[in-house]
Amino acid sequence: MLISVYMPSHNRGPLLQRAIDSVLAQTHQELELIVVDDGSSDGTWEVLQDYAARDSRVKPLRNDQPQGACAARNRAIAAAKGHFVTGLDDDDTFTPERLETLLKHYDPRYAFICSGYYWTDAKRAKPAMCSNKVITLDAQLDSNHATNQVLVERERILAIGGFDEDLVALQDYDCFTRLIKAFGPAYRLGQPLQSIYVDHGGVRISNQAKSRKGFARFLEKHGADMGWRQRQNHAFWLKMRIQEPFSVIELLKSLPAGHLKMKLGHIYRYGLRLKAA
């Protein structure tokens, strides 16, 4: 079964090679890797041509001018030949068994399948989201339980229009939420099958300004499907990114089960100010 892996890249030559190598080392070898060089100026295109010359599964595409990660993903998905597609960011890696394991556990009753991951920094690789979970729309509207990559039938992601190219942040969250709306609950396998690197030293694609706009736009798109607590939950994340004081009462009311520790951690990390009421 052919799986198409899509990967956008912009000016991350050294990191890109690590990501590509992790795809080519998959135990499931029936794959193609479509990398879209989104207007890089650092020699990325030359790196991709070298890989393509050595391995026919690597299929590079190039945008002469940067069009953004979502446009690059959509271009790759449009060119894909596989029945299934999945993505990888150019600064992350797959574990060797990722594709084989997801394909083995795939069930068409679910909108897509995803997995846990390693949250990786210079000191350690910490497993995250490593529990089996049926991801309902209600759960997904609380927060993104699908992590940042899924394995999905290509025709399904095409049916929802792919990634929203107008979003500047939360593109994966939005896309996966729309898949669940269209095709029903998804499934998360509780194994860490990719590494997400958080301090690689390269340029970050996201920033606070983009994150604020992303959360505001996500609320516009999906707020009508949310309950009151879910809207409060997303208001918390939005306020966190604009550094507005947030009352303890607002915080507690917005919490899905098990989120208190996580939100207090984000308050500490980002310096969000709490007010008494």
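Q: Could you clarify how one ought to interpret the pattern of salt bridges in this entry?
A: Oppositely charged side chains can pair when the atoms bearing their charge come close. Tallying each qualifying case throughout the model produces 16 salt bridges. Where Arg217 meets Glu220, a salt bridge forms, and the shortest distance between an N and an O atom there is 3.1 Å. Taken together, the positions of Arg217 and Glu220, both in helix H8 (residues 208-222) and three residues apart, correspond to about one turn of that helix. Glu220 sits in the exposed class, given a relative accessible area of 58%.

Q: I tried to follow the side chain of Asp92 on my own but got confused; where do I start?
A: Positionally, Asp92 belongs in the loop between strand E4 (84-87) and strand E5 (93-94). No salt bridge is formed by the buried Asp92, whose closest oppositely charged neighbour, Arg18, lies at an N-O distance of 5.8 Å. Polar side-chain contacts of Asp92 include one of 3.0 Å to the backbone nitrogen of Tyr197. Beyond its immediate sequence surroundings of up to four residues, Asp92 is in contact with Ala19, Asn148, Ser195, Ile196 and Tyr197.

Q: Sorry if this is basic, but what is going on with the state of the cysteines here?
A: Chemically, a disulfide is nothing more than a covalent bond linking the sulfur atoms of two cysteines. Evaluation of the coordinates by the stated rule reveals zero disulfides. Take Cys175: it sits in no disulfide, and the sulfur closest to it among the cysteines is that of Cys70, at 8.2 Å. Among the residues examined, Cys175 registers a relative accessible area of 0% and is labelled buried.

Q: For this particular structure, what's the right way to read the pairing of strand E7 (residues 125-128)?
A: A regular strand carries its side chains on alternate faces of the sheet. One ladder, built from four bridges, connects strand E6 (residues 113-120) with E7; its direction is antiparallel. Each bridged residue has a counterpart across the sheet, and for Thr120 the counterpart in E7 is Ala125. Taking the residues that link successive antiparallel strands as the turn, the E6-E7 hairpin has four residues.

Q: Would you take a moment to explain the nonpolar core for this structure?
A: Side chains of a nonpolar character, in soluble globular proteins, are inclined to be buried together. Counting 27 residues, the largest nonpolar core has Val5, Met7, Ile20, Val23, Leu33 and Leu88 as its most contacted members. Sort the elements by how many residues they give to this core and helix H1 (residues 13-24) lands first, with five residues. Val5 has contacts with Val23, Glu32, Leu33, Ile34, Thr86, Leu88, Phe94 and Leu99, leaving out every residue within four places of it along the chain. In this structure, Ala76, Phe112, Ile157 and Phe176 belong to the second largest nonpolar core, which totals 24 residues.

Q: Can you help me understand the packing of aromatic side chains in this one?
A: The geometry of two aromatic rings is summed up by the distance between their centres and the angle between their planes. Under the criterion given, the structure shown has six aromatic pairs. Above the ring of Phe163, the side-chain terminus of Arg73 is found at 5.2 Å from the ring centroid.

Q: When you look at the environment of Ile20 in this model, what are you seeing that I'm missing?
A: Here Ile20 lies in helix H1. When the C-alpha atoms of Ile20 and Asp89 are compared, they prove to be 9.8 Å apart, with 69 residues separating the residues in sequence. Each residue touching Ile20, except ones within four places of it in the same chain, is listed here: Met7, Leu33, Leu48 and Tyr51.

Q: How should I be thinking about the pairing of strand E1 (residues 3-9) in this particular structure?
A: Here E1 lies mainly inside the structure; seven of its seven residues are buried. Here E1 shows no split at all, with Ile3, Val5, Met7 and Ser9 on one side and Ser4, Tyr6 and Pro8 on the other all buried. Sheet topology note: the E1/strand E2 (residues 31-38) ladder contains seven bridges and is parallel. Within E2, the residue paired with Ser4 across the bridge is Glu32. Each parallel crossover has a hand, and the one from E1 via H1 to E2 is right-handed.

The rules we used
Residues numbered from 1 in each chain as written. Predicted model: local features only at pLDDT ≥ 70, side-chain atom pairs only at ≥ 80, totals over all residues. Heavy atoms only, no water. Salt bridge = Lys/Arg side-chain N within 4 Å of Asp/Glu carboxyl O. Helix = DSSP H or I, 4+ residues; strand = E, 2+ residues; numbered from the N terminus. Buried < 20%, exposed > 50% of the residue type's maximum accessible area, 1.4 Å probe, protein only. Lys, Arg positive; Asp, Glu negative; His and termini not counted. Polar contact = N/O pair within 3.5 Å; in protein donor to acceptor, adjacent residues only side chain to side chain. Contact = heavy atoms within 4.5 Å. Disulfide = S-S within 2.5 Å. Pairing = 2+ DSSP bridges. Core = buried A, V, L, I, M, F, W, Y, C linked by side-chain atoms within 4.5 Å. Phe/Tyr/Trp six-rings, centres within 6.5 Å; stacked < 30°, edge-to-face > 60°. Lys NZ or Arg CZ within 6 Å of the ring centre and 35° of its normal. Right-handed = clockwise from strand over helix to strand, strands pointing away.

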